[in-house]
Amino acid sequence: MDTKFIGKKSAAAGGWGALKSCGKQLLQSGMPISGARTMLKANQPDGFDCPGCAWGDPEHGSSFEFCENGVKAVAWEATEKRATPAFFAEKTVSQLRQLTDYELELNGRLTHPMRYDAASDRYLPVAWKDAFAEIGSILTGLDNPNRAEFYTSGRASNEAAFLYQLFVRVYGTNNFPDCSNMCHEASGIAMRQAVGVGKGTVLLEDFEEADAIFVIGQNPGTNHPRMLGDLRRAAIRGARVVVFNPIRERGLERFSDPQDKIEMLKGGSTDIASLYLQPQLGGDMAAVRGMAKAVLAAENAAVSAGLPSVLDHAFLAEHCAGFAEYRAPVEATSWADIEDQSGLSRQEIERAADVYIDAERVICTWAMGVTQHLHSVATIREIANFMFLRGNIGRPGAGLCPVRGHSNVQGDRTVGINEKPSDDLLDALEKHFRFTVPREHGHNVLAAIGAMLDGSAEAFIGLGGNFARATPDSALVEKALRRLKLTVHIATKPNHSHLMPGETAFILPCLGRTEMDLNTAGNSQLVSVEDSMSMVHGSAGINRPASPLLLSEVAIIAGIAQATVGSDVVGWAELADDHDRIRDHIEATIPGFENYNARLRKPRGFHLRNTAAHREWDTPAGKASFSCEALPDETVHQRARKGEGRFALQTFRSHDQYNTTVYGLDDRYRGVYGERQVIFIHPADLKAMNAEAGDRVDVVGEHDDGIERIAENFRFVPHDIPRGSIAGYYPELNVLVPLGSAGRESDTPTSKSIMVSFRRRQAA
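This section reports on the structure supplied with the text. Since the model is a prediction, treat every value here as computed from it, not as a measurement. (Residues numbered from 1 in each chain as written. Predicted model: local features only at pLDDT ≥ 70, side-chain atom pairs only at ≥ 80, totals over all residues. Heavy atoms only, no water.)

**With respect to helix α22 (residues 423-433)**
Alright, step 1. Turning to α22, its buried residues number three or more, namely Leu425, Leu426, Leu429 and Phe433. End-on view of α22: buried residues confined to an arc of 95°, all on one side of the axis. In this structure, α22 carries Asp423, Asp424 and Lys431 as exposed residues pointing more than 90 degrees from its buried face.
Alright, step 2. Tucked inside the fold, the buried residues of α22 contact α8 (158-171) and α28 (579-589).
Alright, step 3. After α22 finishes, the residue Arg434 shows a positive phi value of roughly 60°. (Buried < 20%, exposed > 50% of the residue type's maximum accessible area, 1.4 Å probe, protein only. Helix = DSSP H or I, 4+ residues; strand = E, 2+ residues; numbered from the N terminus. Arc of directions from axis to C-beta. Contact = heavy atoms within 4.5 Å.)

**Looking at the packing of aromatic side chains**
Alright, step 1. As enumerated under the stated definition, the model contains 29 aromatic pairs in all.
Alright, step 2. Aromatic pair Phe88 and Tyr123: ring centres 5.8 Å apart, planes at 65°, arrangement edge-to-face. In this pair, Phe88 is assigned in helix α4 (residues 85-90) and Tyr123 in strand β5 (residues 122-125), connecting sequence segments 35 residues apart.
Alright, step 3. Considering the side-chain rings of Tyr151 and Phe467, the 5.0 Å spacing of their centres and the 70° angle between planes classify their relative orientation as edge-to-face. Of this pair, Tyr151 sits in strand β6 (residues 148-152) while Phe467 sits in helix α24 (residues 467-470), and the two are 316 residues apart along the sequence.
Alright, step 4. Ring pairs connect the aromatic residues Phe315, Phe323, Tyr326, Phe388, Trp617 and Phe626, which therefore count as one cluster.
Alright, step 5. Just above the ring of Phe652 sits the side chain of Arg670; from NZ or CZ to the centre is 3.8 Å.
Alright, step 6. Over the ring of Phe680 we find Arg670, and its NZ or CZ is 6.0 Å from the ring centre. (Phe/Tyr/Trp six-rings, centres within 6.5 Å; stacked < 30°, edge-to-face > 60°. Lys NZ or Arg CZ within 6 Å of the ring centre and 35° of its normal.)

**Focus: the pairing of strand β13 (residues 362-366)**
Looking along a regular strand, one sees side chains alternate from face to face of the sheet.
Alright, step 1. In terms of burial, β13 is a largely internal element, five of the five residues being buried.
Alright, step 2. Residues of β13 alternate between two faces, with Val362, Cys364 and Trp366 on one and Ile363 and Thr365 on the opposite face, all of them buried.
Alright, step 3. As paired elements, strand β7 (residues 212-216) and β13 share five bridges and run parallel to each other. Across the sheet, the residue bridging to Phe214 is Cys364, located in β13. (Pairing = 2+ DSSP bridges.)

**What about the side chain of Glu515?**
Alright, step 1. Residue placement: Glu515 occurs in the loop between β17 (504-509) and β18 (527-530).
Alright, step 2. The class for Glu515 is buried, based on a relative accessible area of 6%.
Alright, step 3. A polar contact is formed between the side chain of Glu515 and the side chain of Arg109, at a distance of 2.8 Å.
Alright, step 4. Within the structure, the side chain of Glu515 is placed 2.7 Å from the backbone nitrogen of Ala546, a separation counted as a polar contact.
Alright, step 5. Contact partners of Glu515, with chain neighbours within four places excluded, come to Glu77, Arg109, Gly541, Ile542, Asn543, Arg544, Pro545, Ala546 and Leu550. (Polar contact = N/O pair within 3.5 Å; in protein donor to acceptor, adjacent residues only side chain to side chain.)

**Brief notes about the sheet that holds strand β19 (residues 535-539)**
Alright, step 1. The strand order across the open sheet built from three strands is β18-β19-β20, with neighbouring strands paired in antiparallel fashion. Looking along the sheet, the strands with just one partner apiece sit at the ends: β18 and β20 (606-607).
Alright, step 2. Sheet analysis places β18 next to β19, joined by four bridges and oriented antiparallel. Bridge pairing in β19 places Glu530 opposite Val536.

This is how it looks when you write it as structure tokens:
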């Protein structure tokens, strides 16, 4: 059996392996010297915001922070390779579709606006003015603005996102499917219900004061490596780090900081997790409920013994609503149910609860391992409940911390990318710009796909991203895109979404985050982003554009808007030429942006005030609100074990990947090299199937909607994961994620809760 693709795992995250990987990426870009020079300006006051993750920057400033993913993102963008019109002339779209994601994007930066020619099945160059005119003509020709879908990727700046939502609302719709719908939608909904604001309540400085940090459903080593530096520093000073993750992830076990010269020279590393628990897929809510049950039991014991209280009764009385209603069902939940659903023992859960009880200040962080389940909103409400018990919100070193993915996914929402806008936002836009705004709620991602499939949507514009590969049910999404009258993709590199053209289709190349955006006067334009800690800071590219024909995202939006709705309401060209004017409009319509232009130009920018962090609760009760929701009747792993040969699958990233962008084919933290079509599985599950490492299988979806979903030719990799649970990479496995399976309230695809079985393949 061929198992050459399975190799040695890194002993620790970071370290020399990270430096070697960075060197490899810079060499592959063809610009190793200038790429390294560019990296020195990443996340610096006079440089650009890293186009990778949304991990926060400290308010007090810092020196250069090394980040492997940041190097990969910059090298990927600053490559010398170019996808010119000659590239598109060499192959038809049908031929390009046979390339993998990695092979396609490896061709480099787009250089010319392109229009699809159906007769030749190729993209041909088009002038910007002609592209804008034809797009505008098709959009204005639709019989209803709601027949168009306007997607946003989290890489878009605040300025681009604000201009985009303004254009679309002047056009007449709130159809804003965006990447938030597929990741942290549940976090925003649950936190608004619990504490009145849908953002994290901590600053990066709080990690310097926390006594304990709970990390749930999150893999910082791959997804936001700079977080490992903060966890490492916390661990060194004695803070306890408790991890809940079904899979043993190297970055949560040990980290070797490439910026620590002594640690690097000695080949050492720092232990991160002081307690690492592996719940079953979907078992996090039960695990947190178990910890709460243990805390309440400790409170009862303390009261009986005349000892100091475990609970923060002053906080509960002054700031919370619904505690009594919550306490009763928690105490009534049996340990048998908690153990069965979580996949953890009572002893393991009580050990975690003891860490919580012993800590004066606690931070709880989570990511998509929590948010992509049917019951994700309820799980995050349970996390908030747990944190309320000891008053761990609204004081230094404590709080709730959802860790977002893409670099400005939080900022895009702040400035108006929302299919369900608040009346306050719409009222402000209407008053300031003096037009009648659309009030009807629009489409999120799943609703947009549904509208494209049933024919009620006829046009799609994508502001960044790779919609077809990021979304669930890949085959259905391809069908949906290709039946449209118009598809437009604003992008830096070719990707698979571009190869699913509608009747009329355009690829519009834009500047990257690292490139200078010069206005007509020759002055460099500044944009801004918001990180996971609500810090807003400026970003100005330093590199020459990859092509003289590239336009900024702002300029492209302005060009489409001018051709579609004219300039009676908004002077689009003037805004595109002066981003300060866009920020003036944001200041006038979005709370928290007072004196925007001046504050943005200060080192490290400014913080958007978070009411919950100040114990001000914008909830119906006027207080932090407990949720009394029962545990799910059944989670995916409980359903899977009822059927013969069924497993609970989650999708995740490899270490050489960010979102749908694949930088390389290695995953050294998990010991997989040169291969992406793999399934991570417990060795005992392999043995029970009479299978071995490297065996080839088709992975078959088991959703009960009558649609056949098969991911073909995957190979087994033994891994430390709970029995009955398996994992593999997206976007390759997105074909198995059912469009009809979405989180309750969040409508997020359940990419961590997929029921599958295997079909053995014959050896080649």
